[in-house]
Amino acid sequence: MNPLIFGYMRVPDDMTDEEAKRTQDDLDAYAETNGFQLATVFHEYVPGGQSAFTELIAAVKRAEAKHVIVPSYRELALNKSLQDVMLTHLFCVTGADVISLDECSW
């Protein structure tokens, strides 16, 4: 069985259903191409919200997964300092690394 990877993405009000599906398909394609099993993708619908991020952390910890994939680190936060805090928190609680599609070549 391939190792699990969890996804996380924001779905702003102005994102079309097609854009959201395309983004989720990109996460799935990365997982498949790189030998992972995409467990689930957590969707953050509330601007500035973190409830899905909190759920993501709980799921990753429960599954003892070591990888999370995001379309961009901007999914975590627009501010680089806050991105770093969220990445550090995720790693400290779960030990999982975050892969950003816009920063990797797959």
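These numbers were taken from a predicted model, which means no experiment stands behind them.

Draft legend 1. Broad picture of the packing of helix H2 (residues 51-63) against helix H3 (residues 80-94). At a minimum axis separation of 9 Å, H2 and H3 run at an interaxial angle of 30°. With respect to H3, the element H2 is oriented roughly parallel. The chirality of how H2 crosses H3 is right-handed. Contacts from Phe 53, Leu 56, Ile 57, Val 60 and Lys 61 in H2 reach Met 86, His 89, Leu 90, Val 93 and Thr 94 in H3. Across the contact of H2 with H3, the residue classes break down as seven nonpolar, two polar and one charged.

Draft legend 2. Spotlight on the sheet that holds strand E3 (residues 67-70). Spatial strand order, E2-E1-E3-E4: four strands in an open sheet with parallel pairing. Every other strand in the sheet has two partners, leaving strand E2 (37-44) and strand E4 (97-100) as the edge strands with one partner each. Between one strand axis and the next, the sheet turns through 25° on average, direction left out of account. By the bridge criterion, six bridges tie strand E1 (residues 4-10) to E2 in an arrangement that is parallel. When the bridges of E2 are listed, Leu 4 appears paired with Gln 37. Where H2 meets the sheet, it contacts E1, E2 and E3, and its direction lies at approximately 180° from that of E1.

Draft legend 3. Local environment of unusual backbone geometry. At Glu 64, a residue that is not glycine, the phi angle is positive and equals roughly 55°. Note on placement: Glu 64 falls in the loop between H2 and E3. For Glu 64, a relative accessible area of 64% puts it in the exposed group.

Rules used throughout
Residues numbered from 1 in each chain as written. Predicted model: local features only at pLDDT ≥ 70, side-chain atom pairs only at ≥ 80, totals over all residues. Heavy atoms only, no water. Axes fitted to C-alpha atoms, helices over the stretch in contact; angles between N-to-C directions. Helix = DSSP H or I, 4+ residues; strand = E, 2+ residues; numbered from the N terminus. Parallel < 35°, antiparallel > 145°, perpendicular 65-115°, else oblique. Left-handed = near helix turned anticlockwise from the far one by under 90°. Contact = heavy atoms within 4.5 Å. Nonpolar A, V, L, I, M, F, W, Y, C, P; charged D, E, K, R; others polar. Pairing = 2+ DSSP bridges. Buried < 20%, exposed > 50% of the residue type's maximum accessible area, 1.4 Å probe, protein only.

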